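# Structure assessment
One-letter residues, chain by chain:
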Amino acid sequence: MFSPQRLLTTSARERCIACLRGLPEFVFEDVSPKKKASVLVPMCVINNEVHLLYTMRSTNLSSHAGQVSFPGGKMDKDEDEIETALRETEEEIGVPPEAVEVWSTMSSVQGRDKNMLITPVVGLIKNFENQTLIPNVYEVEEIFTVPMSALCDRRNHAHLEFEKTILPVFLYEKHKIWGITGFITNFFLQCFLPTESYQCDFLRKKFEIHELLPSKL
């Protein structure tokens, strides 16, 4: 069901891209972000199943330490969203830009402090080999992948209520994928997977934010 032969065909890619481009902007009308950032939403194939790749941020970082994220960071001057995502991915996990087949950008998402506008870039890491990844020890504590089957398993779904908004939480082994990363993951899956494959149930379990914040998950 979650094989590359089904999910990574030309027609599946075209359907996904069309859906991604139809997403609304996720911004607050009352605040204009002053900074821009970009992240890569990296697909890869392991044991004939499509996975998403995540990093756990170093516990030594000044912001979002120990939290799960996609590779990415702030945009440099004269860069576009795709260039930023690819540069940051190489810096953080050692995957060069030429190893990524870029599909599309997603609609921008405003950060929790409302001052950062984050643009996700969807791409496939070609000929993925886990052992060739090179984590930047100053920024990345761990690199891990999550199979589509686990992301679609409703037993792994939960939520956080933040400012009266229900935000998705995905559970996988010791990790909790939440915040902007969980939000992006949910909307990507809605566009990437057939409707019958992704039937979420985030209301089944609730987390408080203090349960998600510890750096060691």
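The paragraphs below set out a description of the structure included in this document. (Residues numbered from 1 in each chain as written. Predicted model: local features only at pLDDT ≥ 70, side-chain atom pairs only at ≥ 80, totals over all residues. Heavy atoms only, no water.)

### Side note on the pairing of strand E1 (residues 35–46)
Under the convention used in this document: When DSSP locates at least two bridges between a pair of strands, those strands are taken to pair. The numbering of helices and of strands both runs from the N terminus, where a helix is a DSSP run of H or I of at least 4 residues and a strand a run of E of at least 2.
Summarising the sheet, E1 and strand E7 (residues 116–125) pair through 9 bridges and their orientation is parallel. The residue of E7 that forms the bridge with Val 41 is Val 122. Bridging between E1 and strand E2 (residues 49–57) involves 4 bridges; their strand directions are antiparallel. Counterpart to Val 45 in the pairing with E2 is Val 50.

### Details of the sheet that holds strand E11 (residues 175–177)
Strands in a sheet are paired, the pairing made by backbone hydrogen bonds, and the direction either parallel or antiparallel. Here is the rule: We call two residues contacting when some pair of their heavy atoms lies within 4.5 Å. Note on geometry: axes are lines fitted to C-alpha atoms, helical ones only across the stretch in contact, with angles between N-to-C directions running from 0 to 180 degrees.
Taken in spatial order, the 4 strands of this open sheet run E11-E10-E9-E12, and their pairing is mixed. Edge positions in the sheet fall to E11 and strand E12 (206–207), since each of these pairs with one other strand and no more. Both strand E9 (residues 157–162) and E12 contribute to a ladder of 2 bridges, which runs parallel. Paired with His 159 across the two strands is Lys 206, which belongs to E12. The strands touched by helix H5 (residues 179–192) are strand E10 (165–172) and E11; relative to E10, the strand with the most contacts, the crossing angle is about 85°.

### Concerning the packing of aromatic side chains
We apply this condition: Centres within 6.5 Å make a pair out of two Phe, Tyr or Trp rings, where for Trp the six-membered ring is used; the pair is then stacked when the planes are under 30 degrees apart, edge-to-face when over 60, and tilted otherwise. A simple rule labels every residue: compare its accessible area, found with a 1.4 Å probe on the protein chains alone, to the largest value its type can have, and call it buried under 20%, exposed over 50%, or partly exposed in between.
Here the structure, examined in full by the defined rule, presents 6 aromatic pairs. Residues Tyr 54 and Phe 70 carry aromatic rings whose centres are separated by 4.8 Å and whose planes lie at 20° to one another, so their mutual orientation is stacked. Linking Tyr 54 in strand E2 with Phe 70 in the loop between strand E3 (68–69) and strand E4 (72–74), this pair joins segments that are 16 residues apart in sequence. According to the relative accessible area criterion, Tyr 54 is buried, its value standing at 0%. On the numbers, 5.4 Å between centres and 85° between planes, the contact of Phe 170 with Phe 202 is edge-to-face. Taken together, the residues span a long stretch of sequence, with Phe 170 in strand E10 and Phe 202 in the loop between H5 and E12 at a distance of 32 residues. For Phe 170, a relative accessible area of 2% translates into the label buried. Among the aromatic side chains, those forming a connected cluster through ring pairs are Tyr 54, Phe 70 and Phe 144.

By themselves, these figures tell us nothing about what the structure is for.
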